[in-house]
Amino acid sequence: MFPICAESLPRSGRPDPGRGRDNSPMTPAIELIGIEKRFGAVHANRNVSLRIDPASVHGIVGENGAGKSTLMSIVYGFYEADSGEIRIKGKPVRIRSSQDAISHGIGMVHQHFMLVETMTVLENVILGAEGGRLLAQGEKEARAALADLGRRYGLKVDPDAIVGDLTVGLQQRVEIIKALYRGADILILDEPTAVLTPSEADQLFELTKALKAQGKTVILITHKLREIMHATDRVSVMRRGETVATLDTAKTNPAEIAEAMVGRRVLLSVGKQPARPGRVLLDVRDLTVTDGQGVTRLDRASFQIRAGEILGIAAVSGNGQSELLEALAGMRSAKGSISVDGVPVDPSRPDATALRALRLYHVPEDRHRCGLVLPFEAAESGILGHHGDPRFRRGFLMDHEAITRDEKAKMEAYDVRPPLPGLRSSKFSGGNQQKIVLAREMERDPAVLLIGQPTRGVDIGAIEFIHKRIIAMRDAGKAILLVSVELDEIMSLSDRIIALCGGRITGERLPSQTDERELGLLMAGVPAEAA
Amino acid sequence: MEFLDATLQILASTVRLAVPLICACLAGLWSERAGIVDIGLEGKMLGAAFAAAVAAISTGSAMLGLLAGIGVSILLSLVHGYAAIAQRGNQIVSGVAINMLAVGLTAVLGHAWYREGGRTPPVAQSQRFLPIDLPFADQVGAIPVLGGIYKQLLSGHNLLVWLAFLAVPLTWWVLQKTRFGLRLRAVGENPAAVDTAGISVARLRYEAVIICGVLCGLGGAYLSIAQGAGFLNNMTAGKGFIALAALIFAKWRPGPALAACLLFGFLDAMAIRLQGVALPGIGQAPVQFIQALPYVLTVVLLAGFIGRAVPPKASGVPYVKER
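Residues numbered from 1 in each chain as written. Chains lettered and ligands numbered in written order. Predicted model: local features only at pLDDT ≥ 70, side-chain atom pairs only at ≥ 80, totals over all residues. Heavy atoms only, no water.

Draft legend 1. Seen up close, the overall build of chain B. Counting secondary structure elements, chain B contains 13 helices and two strands. For a compact globule of 323 residues, the expected C-alpha radius of gyration is about 20 Å, and chain B comes in at 20 Å, within 12% of that figure. With respect to the principal axes defined by its C-alpha atoms, chain B has extents near 70 × 50 × 40 Å. In chain B, which comprises 323 residues, the proportion classed as buried is 51%. In chain B, once contacts between residues fewer than 6 apart in sequence are set aside, the share between residues at least 24 apart is 79%. Carbon and sulfur atoms make up 69% of the accessible area of chain B, which amounts to about 14,300 Å² in all. Taking the average place of the 22 positive charges on the side chains of chain B and the average place of its 13 negative ones, the gap between the two points comes to 9 Å. (Helix = DSSP H or I, 4+ residues; strand = E, 2+ residues; numbered from the N terminus. Rg over C-alpha atoms; globule rule 2.2 N^0.38 Å. Buried < 20%, exposed > 50% of the residue type's maximum accessible area, 1.4 Å probe, protein only. Contact = heavy atoms within 4.5 Å. Areas by Shrake-Rupley, 256 points an atom, 1.4 Å probe, with all protein chains shown as cover. Lys, Arg positive; Asp, Glu negative; His and termini not counted. Charge placed at Lys NZ, Arg CZ, Asp CG, Glu CD.)

As structure tokens, then:
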């Protein structure tokens, strides 16, 4: 099925001919041998073996549920493996708690930061490593250590800043500092870029490079192939609890990794026919959004989207694209004019119900906050905003059976796993939650579809599926507005791209006639002539 | 001179009335900063007041009375702690249960033991905490203004008053300057951060509720064997709830908590003072109106004059390891 699987199954002690390692010691920084872990019926890790070279960046990729997180939780002492061995610098160790892991020089940066937002950077750093009953001495030492880390790795953070006031990127930096302050030699980064802007992600990878240069070992868990290619030396691919391949990054390519992850060939770029735009379905003139503080978030944006066309918005987070989506979806008031399929809508009186009646539907950027009600059953989340539909009602009451039946059909069409309409929305993985939202909005025959971050936190396999669906909607004559932080996604799906910077449209391009560099300049607000 | 005297009297009475509020407020502060919402302050103080009176009467020792009060209060705290920490129960329900238990049990036991309708017999002078006169109070008191302040405001308070006021800076110091305080604050905001740092969340929270118990015990004993002389039915009369209001008002910080409790104590003192006094231009205000003032003020202040009061983020949320 996958040619490199058998050949590259890591076996401890197997000589690796792939790299010249003249001066590096052969002892791996950390080695996992035959790790097994079951949770009831779920076999989360099957005979996982992995060796990670010192002073390297080692990627671990796999879809959600492939066992990456379980494996790292075992390394960090949250769980104990049912069987198997962990060796650090060649020595077998037992890791039964986070404390054990920390004392063996393992540090972990969790996807959800383990920080106390109301406390200062300094207090967060020393928490659990205070160095005595009174804080004064420990704080003094930590202050010096922080300054030192700042010099060595360019990790500059104000020790007296309140963590909650820092940007997400800086908060992550504090997490890394915390680990280094505790003497971590092996740093596990769990999906570190999920919350970062592209430039913050770039800074992070600068940092991993610096860490490597200082002899630290970095384990990068992700499902973004671009990061693997960009930042790692080697990469291990996990699927269904097993390591199916370990590859030298320099000698592989994204297609090969994706295939190993999913177990079949994956189309990383979307195959699509040229668009055949029809009549104008969404016409936006001088749309301006001002926030509660009086700051202009979106400044006189004007554009049209025709039937059978995808308009992509390229912008760094926080440059007005969220406000644009919210204003168009009737979630926020704005000035200017909007018309949907020729019917004018007053943006100063946002009315999502009226917009829905015009068949303008919205897949919100934040599916947890706006897309789903997490404690609701999937079937209930699957009719939000359509609950007035007579099909779902029996007189005064909701027709639970019809709702469940409808959700079941959508789940099958969208390959939602598990296909259980009665399961709570929160129990589904990110990709499956997204499919529940997409199915809700797409299956109602929209005229205009607003899609925010269609694949944020979604597996590769599901991304492919979602992209195909979006193209299919376009080909069915819908007008689609696409907002995404993934520039690749904007480039490959859109028929036209407009760039936003500081709430202003800084340019419009055809994807075939532009590249990431030019778009990047437009997104940064560099005038078109210079770009 | 008469005005100064009256002012000093009101201030001295403010201090005395504020003591149980300060104790309960700090108790709530310790508990909530560690993430355990405690609506049962009232019940704990009541239980402690009863236990202190009973122990003082039967042993003849004020100190043993105080210890008994603290002991009972800690016991009730641990019940709350067990429900909230180990069983991850609803903290409001558990707190309300403690309040109801304390009201009922003190009345029933009091009646069974003393047959005086739930109250205890009066506690004799020798079994109470008596006012401590500072040295040379009478001589210094002769000095105008400053002497008056020394004699009437500072002198003549019992040991528990001093303890309550000392507990304020002590609380601040422990929370801000010690390892224990840092961890305790962290556990109330993000217990997961504490857990991943290899520190026991449950242990920290139990320690916090025990301190909460000690302080409520102090407040309860003050009511029955220091300020008062004997236990009366439901003698806490909502002080535990006023203390909670003061805690929110103070945004869970010790210094402002002291100020808030003094303010409420002052209003109480004014209410007593103004009963039956004709106010210029208004005439004699109804007693009920003046007695309602502290509560009205609480509502008004909480409704918006103090800005946003953000509680410790994890308060009221049981900690469940989730990985």
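Draft legend 2. The interface of chain B and chain A, seen in detail. Every contact between the two is made by 21 residues of chain B and, on the other side, 24 residues of chain A. A combined buried area of about 1,900 Å² lies between chain B and chain A, and 59% of that area is made up of carbon and sulfur atoms. At the boundary of chain B and chain A, one finds three salt bridges. A salt bridge links Arg 185 of chain B to Glu 123 of chain A, with the nearest nitrogen and oxygen atoms 3.0 Å apart. Between the two partners, chain B and chain A, sit seven residue pairs in polar contact (both at pLDDT 80 or more). Elements with a contribution of two residues or more to the side of chain B that touches chain A: helix H7 (159–177), helix H8 (179–189) and helix H9 (191–196) of chain B. For the side of chain B that touches chain A, the leading source of residues is H8 of chain B, giving six residues. (Buried area = accessible area lost by both parts, 1.4 Å probe. Salt bridge = Lys/Arg side-chain N within 4 Å of Asp/Glu carboxyl O. Polar contact = N/O pair within 3.5 Å; in protein donor to acceptor, adjacent residues only side chain to side chain.)

Draft legend 3. The confidence of the model for chain A, seen in detail. Residue and element names in this part refer to chain A. Here chain A averages 87 in pLDDT, while 94% of its residues score no lower than 70. Ranking the helices and strands of chain A by mean pLDDT puts strand E20 (residues 479–483) first, with 96, and helix H1 (residues 3–8) last, with 36. A low-confidence stretch, residues 1–24 stays under pLDDT 50, and its non-local contacts, those more than four residues away or across chains, total 39 contacts. (pLDDT = per-residue confidence, 0-100.)

Draft legend 4. Summary view of the nonpolar core. One finds Val 121 and Ile 176 of chain A together with Val 194 of chain B to be the most contacted residues of the largest nonpolar core, which totals 84 residues. Looking at this core element by element, the count peaks at nine residues for helix H1 (residues 2–33) of chain B. With residues near it in sequence (within four places) discarded, Ile 176 of chain A still touches Val 109, Leu 155, Leu 187, Leu 189, Leu 204 and Leu 207 of chain A. Counting residues in each nonpolar core, the second largest holds 35 residues, with Val 363, Phe 428, Ile 490 and Leu 522 of chain A among its members. (Core = buried A, V, L, I, M, F, W, Y, C linked by side-chain atoms within 4.5 Å.)

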